[in-house]
Amino acid sequence: MSTGTAAAPTARAARGGRTPLRPHEDRLLPTDPGQRGIARRLYDQVRDVALVCPHGHIDAGLLARDTPFTDPAALLVTPDHYVTRLLHAHGVPLEQLGLPAAGAGAAPPREVWRAFCARWHCFLGTATRGWLEAELHDVLGVRLQPSEQTADELYDQISHALAQPGLRPRALYSSFGIAVLATTDDPADDLRHHRTLAEDPSWSGRVIPTFRPDRYLDAAAADWPAALQRLGAASDIDTSSYPGLVAALEARRAHFRANGATATDHSARDPRMAFLAPADASRLFDQVRRGEADAAAQRLLSRQLLGEMARMSAEDGLVLALHTGVLRNHHTPTGARFGGDTGHDIPLRTEFTESLRRMLQRFGTNPAFQTVLFTLDETVFSRELAPLAGFYPSVYLGAPWWFLDAPRAMRRFRDAVSETAGFYRGAGFIDDTRGFCSIAARHDTARRVDAGYLASLVAEHVLTEQDAADVLHDMHDAQPRTAFRL
Amino acid sequence: MSTGTAAAPTARAARGGRTPLRPHEDRLLPTDPGQRGIARRLYDQVRDVALVCPHGHIDAGLLARDTPFTDPAALLVTPDHYVTRLLHAHGVPLEQLGLPAAGAGAAPPREVWRAFCARWHCFLGTATRGWLEAELHDVLGVRLQPSEQTADELYDQISHALAQPGLRPRALYSSFGIAVLATTDDPADDLRHHRTLAEDPSWSGRVIPTFRPDRYLDAAAADWPAALQRLGAASDIDTSSYPGLVAALEARRAHFRANGATATDHSARDPRMAFLAPADASRLFDQVRRGEADAAAQRLLSRQLLGEMARMSAEDGLVLALHTGVLRNHHTPTGARFGGDTGHDIPLRTEFTESLRRMLQRFGTNPAFQTVLFTLDETVFSRELAPLAGFYPSVYLGAPWWFLDAPRAMRRFRDAVSETAGFYRGAGFIDDTRGFCSIAARHDTARRVDAGYLASLVAEHVLTEQDAADVLHDMHDAQPRTAFRL
Amino acid sequence: MSTGTAAAPTARAARGGRTPLRPHEDRLLPTDPGQRGIARRLYDQVRDVALVCPHGHIDAGLLARDTPFTDPAALLVTPDHYVTRLLHAHGVPLEQLGLPAAGAGAAPPREVWRAFCARWHCFLGTATRGWLEAELHDVLGVRLQPSEQTADELYDQISHALAQPGLRPRALYSSFGIAVLATTDDPADDLRHHRTLAEDPSWSGRVIPTFRPDRYLDAAAADWPAALQRLGAASDIDTSSYPGLVAALEARRAHFRANGATATDHSARDPRMAFLAPADASRLFDQVRRGEADAAAQRLLSRQLLGEMARMSAEDGLVLALHTGVLRNHHTPTGARFGGDTGHDIPLRTEFTESLRRMLQRFGTNPAFQTVLFTLDETVFSRELAPLAGFYPSVYLGAPWWFLDAPRAMRRFRDAVSETAGFYRGAGFIDDTRGFCSIAARHDTARRVDAGYLASLVAEHVLTEQDAADVLHDMHDAQPRTAFRL
């Protein structure tokens, strides 16, 4: 057997060293001379607009406790599956990136940081690199590119910076200019951190929860029965029957609304929903709960429960955000060792036209109902999502998300949807971040790309510059507020 | 229950007022300085070429009677589902847009027009806005953007203009420079308007019918039996048997050909066709007609009948235009109240490679047969349509159509197909319009975009400017004439 | 019946004549003034880097024998299905293009050449035209565009040139600067030509075989039993049992490795693989071989055999190149007359996320295993391939291939994958050629496009010019060497 031959030496490998880190003032703006000036002016008008953050994965406890970040690996590498996945693809085992493996110690953070810096060129061209360059430079004060040679120096510099008060979470919230930040929370969560913040007189920010019930709806999961029990405990409602589960979910939604939630969020494998008669739903629930159902019946129950979410949204007004079309934990052995969200969730072809029809026939023109549709399958942008948002008043176009939350992908999204749905059926940008420090950089990227996109239309005389300025401002302020009812 | 919260105030909402309407001379041409000059020269050579219109939805009676248009709402808003769909998405019920609802009066046209003008910013970035700006400016003489403030003034100005002889349908036909206009007609239509025009010595235009038999082929529709009866009456052939239906369709095709038709047009849900043995087809027909067939059998019969259309095309030479891949009347309640073509037809993923294989094995290299393939699913442009048109002499690439009949989508189409199929396997542009006044604007948009596309290739030294000029002229003259046998 | 009406006269048809052929020095580079200078500098640094050719369809015997090419039709038209398919689409029967039909003589080469030259404008905008212009100008010394008027003159000029020693295959190999050339070979091939070259002291090139076992894996093909017998004869192993077939395949792989092979290549209809228990596989094999299996069982066996290829790759280290997603011989009558690879292989929608999951769970993180994934379905670039290559160290992104091996398609590929997977998970360019003379032109096209793509990122301040230069060099040297273990 010939084991893996060594990789050919790269041109890049010979270089490295100490090169300056200088994000350019005009980065991501169009290079066409007729467009760049317009883009600059548009961008200048929106760069400092307060950040509306309707979807992300920041822990409210981070702000409630305001604990300092510790080191660059824990801040920028280990918790970010955008970063760890590509390092893994370049041959670094996840345990060497600080991920705790079942039955093994994680690597020390300085080693993690070195592994990352030595492969910094692997991120060239990725959205992640752009965010990281901005974070390193603008937030952490770094002026050198990461490399094998600079790894230790940067590690020490960043660790020192993180100990300063200006880089604690609440200070960053303020210096980033965040207007509102939605977290993503388990329905059984008591939301104590949200309450702590709301009741803290020294805190003037707005941090709201989002109701994310995936594990209670996924009737095929091994831990679904345990999840039902946890929900029962949290709601003090017996969840051993279908009406009980529905009542518990309704109760927890009310709890979330009382704590400021305006939306629910769902990551089903596909967006299909079912609307069974109550007796049929109960019978199906009982069958699944007794372990007597096949995969199809489990899936049907999951779809029925997602349909209940739509029904509840039409009643309580929580916006239904759908993030569908991913095969989670593609590489089972990695999932078993390191858990979920470890970089091997892979998108799937997705369909909305038929899948959402029954739901939209019920609730699509109901003024109380609103949904925001996200996809990882670009092919539905022009074919399905823009036409749906171009008719149903309840349907908003979600921003390009995950794998597509990058400059060129964002342009393709605008190209694909705007000519059918215009600019006022979109839900604006979401940062969807797991890294607090990247929030400003992500919004800034989107504002640059949107400014450039609109500048291209101004230069082609499709829009006036005044119209473009209004649209750009609305994209980053009124649209997400309207779509998510913030 | 929290009913729909109010939308956040938009930057745009604060503005409005009286802004000039001035479509720019260079609109939609590339902004790159090396490309724009070339694009201008190319566009100048093709801007006044007579319009070839092989597919659209103009009523021949409009030209036969030459009745004046009445008011801007009836001209530009109510009959155009591109316009009403987006207004509906922004919360305007269809009855307020002049659509006659079952059991309710439609809004007066001035109210419709006001509702439209107040939401003019919702069309920013859409293809519709571009067409409307050109129509308003070039055809109707409007010099102000629609807005809440200008709505009444524009209503009066346009209503007055429409009463002038230069804006009657025949005058517009002439001033637009239309060479040939194909309508879309029911096979049971007696085509009297087409004959009126053909026999009118004062009329020198060319208006030809297109055979559109959808309702006679859709064996799953509730009104299919009634349709068969109507076709029997029109053809004087008993359609209660499969051979009878086939004979009646053949007779009506002959009638259409005698009145100038060169093509048939089909809007099946997918392009699949069946070719059963005659006895099997008869048996299937009888079963469906007796109401004893399930959905699969109904679909099979529809596919068989579409297959008959291909067979007839190979015999009588009518070009088979396939407009497939749409789920009609997505929102059934709206369909029930307002009928079809009311803005909620939503595209579906489409497949051609396998679906058309049996048909192309039969007729694909038959010189009498020609087909033009349209799609709303961009993914098949490079993957299926260009390769098919790049081998089969009978297959022509239909222009980007509906939802895709917009500048950026047209560029994506050219990008996706030209490198495989070149420029001489395309069927040119179709305006597909329901608004007579928009015909010139739509062709002009396509010519600008095509000029810009070719200019980019000239600037990249892929084509010479002379080759590009020839290609551009052919795209808008020889290609549609050849593909549709005009 | 109205037979095919004559095509409308084209603007192009009126022209023709004697126009100069002058491929521009800056062709395919971006036209944006801020980008072109950068692109030129990047391109200059890579234009003369030795060509790495890990996949193509050159016959090793061509180099072993070093026979001169005879005439322009045999060199540029008849063997190239890119060329013949488009001429066929323009109404030229394949027999008039020199393809030997069952029971009929092929046209003489001068007639073939005339048919091609008269339709030279049909290739405008295609990738093929770009390659041909470069070949004609740079390799064959032609200075006039092909046309009806120049056909005979060019025929004579090229035929004369081909007789010169500088245009014999070995001389071209050297003047093209080829570093390594992989051929595509039948497992039963004795590889005598590869050995001849390896043992020839006067030859310093590197020509290596690729193991391409399609016909032995396709259990649904009519000639599969005969193929098994041939493989048995070549390996001297009884292939009438499943273990025998597996052993024979392993033996042939060893033979290929001993002759320099580093990869296997597979053109299944889809990339799905099966991993049955040995006893089940044997039972299935026996059933299929006895002719007692239905289509589903045949397909399962084919997938099982493809799974064996992956397993063997994980053991012997041959890189598994997957070229899937084509419906071969779409037009059966043409296939029956002219055989395969005659221009009517049409791409199919393809799926990787689920299809490859079981294989990647087995081998995806095995350091001995490597795979390169190719597709004709652009929709999987961003949705599936980049995410897979962005996690699995064994997965490399294949270059855009066939129908997509053209400038704009290459840019779409880079746009779609780079933001997720960066530049260091790609397998570089493959020329995939059947025409020896086109090798340099194809690599040059890719280098120009990649230089332009990277220049756009430099101009947008996403990369530094130094980083871009490193990336470009690696794309055309280190990456293909690493991905294909050359």
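Residues numbered from 1 in each chain as written. Chains lettered and ligands numbered in written order. Predicted model: local features only at pLDDT ≥ 70, side-chain atom pairs only at ≥ 80, totals over all residues. Heavy atoms only, no water.

J.: So what exactly am I meant to see when it comes to the overall build of chain A here?
T.: Broken down by element type, chain A carries 21 helices and nine strands. Computed over the C-alpha atoms, the radius of gyration of chain A is 23 Å, within 12% of the 23 Å expected from 2.2 N^0.38 for a compact globule of 486 residues. The long-range fraction of contacts in chain A, counting pairs at least 24 apart against all pairs at least 6 apart in sequence, stands at 77%. Accessible surface for chain A amounts to roughly 16200 Å². Of this, 49% is attributable to carbon and sulfur atoms. Computed over 53 positive and 59 negative side-chain charges, the separation of the two mean positions in chain A equals 2 Å. (Helix = DSSP H or I, 4+ residues; strand = E, 2+ residues; numbered from the N terminus. Rg over C-alpha atoms; globule rule 2.2 N^0.38 Å. Contact = heavy atoms within 4.5 Å. Areas by Shrake-Rupley, 256 points an atom, 1.4 Å probe, with all protein chains shown as cover. Lys, Arg positive; Asp, Glu negative; His and termini not counted. Charge placed at Lys NZ, Arg CZ, Asp CG, Glu CD.)

J.: Even after reading the chapter, I still don't get the relation of the copies chain C and chain B, so can you show me in this structure?
T.: A rotation about some axis, followed by a shift along it, carries one copy of the chain onto the other. After a rotation of 120 degrees and a shift along the axis of 0.0 Å, chain C superposes on chain B with an RMSD of 0.0 Å. On the angle and the small slide along the axis, the relation comes out as a three-fold axis. Taking C-alpha positions as reference, the residue of chain C nearest the rotation axis is D32 of chain C, located at 3.5 Å. A share of only 6% of the interface residues of chain C reappears at the interface of chain B, consistent with the copies meeting through non-equivalent patches. (Least-squares fit on C-alpha atoms with pLDDT ≥ 70 in both.)

J.: Please clarify how the relation of the copies chain C and chain A should be interpreted in this entry.
T.: Least-squares fitting of chain C to chain A yields an RMSD of 0.0 Å, with the superposition described by an axial translation of 0.0 Å and a rotation of 120 degrees. When the interface residues of chain C are mapped onto chain A, a mere 7% of them again lie at the interface, so each copy presents a different face.

J.: Before we go on, may I ask you to explain the interface of chain C and chain B in this structure?
T.: Put simply, an interface is often sized by how much accessible area is lost when its parts join up. Each partner contributes to the interface: chain C provides 62 residues, whereas chain B provides 59 residues. Regarding the contact of chain C and chain B, the summed buried area is about 4900 Å², with carbon and sulfur atoms giving 54% of it. If you look at where chain C meets chain B, you find six salt bridges. The partner of R269 of chain C in a salt bridge is E354 of chain B, and the shortest N-O contact between them spans 2.2 Å. Counting every contact that joins chain C to chain B gives 30 residue pairs in polar contact (both at pLDDT 80 or more). If you list the elements that add at least two residues to the side of chain C that touches chain B, you get α1 (33-46), α4 (81-89), α6 (127-139), α15 (332-338), β7 (346-347) and α18 (407-421) of chain C. Broken down by element, the residue count for the side of chain C that touches chain B peaks at five residues, all from α18 of chain C. Per-class residue counts for the side of chain C that touches chain B are 24 nonpolar, 22 polar and 16 charged. (Buried area = accessible area lost by both parts, 1.4 Å probe. Salt bridge = Lys/Arg side-chain N within 4 Å of Asp/Glu carboxyl O. Polar contact = N/O pair within 3.5 Å; in protein donor to acceptor, adjacent residues only side chain to side chain. Nonpolar A, V, L, I, M, F, W, Y, C, P; charged D, E, K, R; others polar.)

J.: Whenever I open this one, the pairing of strand β8 (residues 371-374) of chain C confuses me. Can you help?
T.: Remember that side chains alternate between the two faces of the sheet whenever the strand is regular. All names here are of chain C. Alternating positions in β8 separate into two faces, T371 and L373 on one and V372 and F374 on the other, with burial throughout. By the bridge criterion, four bridges tie strand β5 (residues 319-323) to β8 in an arrangement that is parallel. Bridging from a neighbouring strand, H323 pairs with F374 of β8. Examined bridge by bridge, β8 and strand β9 (residues 395-397) share three bridges and lie parallel to one another. If you follow T371 over to β9, its bridge partner there is V395. Read from β8 through helix α17 (residues 380-389) to β9, the crossover connection turns out right-handed. (Buried < 20%, exposed > 50% of the residue type's maximum accessible area, 1.4 Å probe, protein only. Pairing = 2+ DSSP bridges. Right-handed = clockwise from strand over helix to strand, strands pointing away.)

J.: Mind showing me how you'd approach the packing of helix α12 (residues 242-258) of chain C against helix α14 (residues 295-316) of chain C here?
T.: Axes are the key here: two packed helices are described by the angle between their axes and the distance separating the axes. Residue and element names in this part refer to chain C. Put simply, α12 and α14 touch, their axes get as near as 11 Å, and they point 45 degrees apart. Between α12 and α14, the crossing angle belongs to the class labelled oblique. Crossing of α12 against α14: the hand is right-handed. Here Y242, L245, V246, L249, E250, R253 and R257 of α12 come into contact with α14, specifically with L301, Q304, L305, E308, M309, R311, M312, S313 and D316. By residue class, the composition of the contact of α12 with α14 is eight nonpolar, two polar and six charged. (Axes fitted to C-alpha atoms, helices over the stretch in contact; angles between N-to-C directions. Parallel < 35°, antiparallel > 145°, perpendicular 65-115°, else oblique. Left-handed = near helix turned anticlockwise from the far one by under 90°.)

J.: Honestly, helix α20 (residues 465-475) of chain B in this entry has me stumped. Any pointers?
T.: What sets the pattern is the α-helix's 3.6 residues per turn: residues three or four places apart point alike. Most of α20 of chain B is tucked away: eight of the 11 residues are buried. Among the residues of α20 of chain B, those classed as buried are D467, A468, A469, D470, V471, L472, D474 and M475 of chain B. Tucked into the core, α20 of chain B has its buried residues touching α1 (33-46), α18 (407-421), α19 (439-459) and α21 (478-483) of chain B together with α6 of chain C.

J.: Can you walk me through unusual backbone geometry in this structure?
T.: Negative phi characterises most residues that are not glycine, and trans characterises most peptide bonds. In this structure, R485 of chain B takes a positive phi of about 55 degrees despite not being glycine. Positive phi, close to 60 degrees, is recorded for F403 of chain C, a residue that is not glycine. By the element assignment, F403 of chain C lies in the loop between β9 and α18. For F403 of chain C, a relative accessible area of 8% translates into the label buried.

J.: I tried to follow the pattern of salt bridges on my own but got confused; where do I start?
T.: Here the idea is simple: oppositely charged side chains can pair when their charged atoms come close. Residue and element names in this part refer to chain A. Following the criterion strictly, the structure yields 126 salt bridges over all chains and no others. For the salt bridge of R40 with D26, the shortest nitrogen-to-oxygen distance reads 2.5 Å. Taken as a pair, R40 in helix α1 (residues 33-46) and D26 in the segment before α1 lie far apart in primary sequence, 14 residues in all. Residue classification places R40 among the partly exposed positions, given a relative accessible area of 37%. For R110, the salt bridge goes to D152, with nearest N and O atoms at 3.2 Å. Of this pair, R110 sits in helix α5 (residues 109-118) while D152 is found in helix α7 (residues 151-162), placing the two residues 42 residues apart along the sequence. R110 sits in the partly exposed class, given a relative accessible area of 27%.

J.: What should I look at first to understand the interface of chain C and chain A in this one?
T.: The interface of chain C with chain A comprises 59 residues on the first partner and 62 residues on the second. Overall, the association of chain C and chain A removes approximately 4800 Å² of surface from exposure, summing both partners, and the carbon and sulfur fraction of that is 54%. Among the residues chain C hides against chain A, the three largest losses belong to R383, F391 and E419 of chain C. Together they make up 17% of the total. Joining chain C to chain A, the criterion identifies six salt bridges. Among the secondary structure elements, those contributing two or more residues to the side of chain C that touches chain A are α1, α14, α16 (357-363), α17, α18, α19 (439-459), α20 (465-475) and α21 (478-483) of chain C.

J.: Help me out: how do you make sense of the domain arrangement of chain A in this one?
T.: All names here are of chain A. According to the domain assignment, chain A consists of domain 1 (70-166) and domain 2 (170-483). Distance between the C-alpha centres of domain 1 and domain 2: 29 Å. At the junction of the two partners, domain 1 supplies 20 residues and domain 2 supplies 23 residues. Of the roughly 1900 Å² buried between domain 1 and domain 2 on both sides combined, carbon and sulfur atoms contribute 62%. At the surface where domain 1 touches domain 2, the tally comes to one salt bridge. Across the pair E95 and R337 runs a salt bridge, and its minimum N-O distance is 3.6 Å. (Domains from an automatic or database assignment.)

J.: Mind showing me how you'd approach the sheet that holds strand β3 (residues 207-208) of chain C here?
T.: Across a sheet, strands are paired by hydrogen bonds formed along the backbone, either parallel or antiparallel in direction. Residues and elements named next belong to chain C. With respect to topology, three strands assemble into an open sheet ordered β1-β2-β3, the strand pairing being parallel. Edge positions in the sheet fall to β1 (51-53) and β3, since each has one partner strand and no second. With two bridges connecting them, strand β2 (residues 178-182) and β3 associate as parallel partners. When the bridges of β3 are listed, A182 appears paired with I208. Sheet contacts for α19: β1 and β2; angle to β1, the most-contacted strand, approximately 105 degrees.

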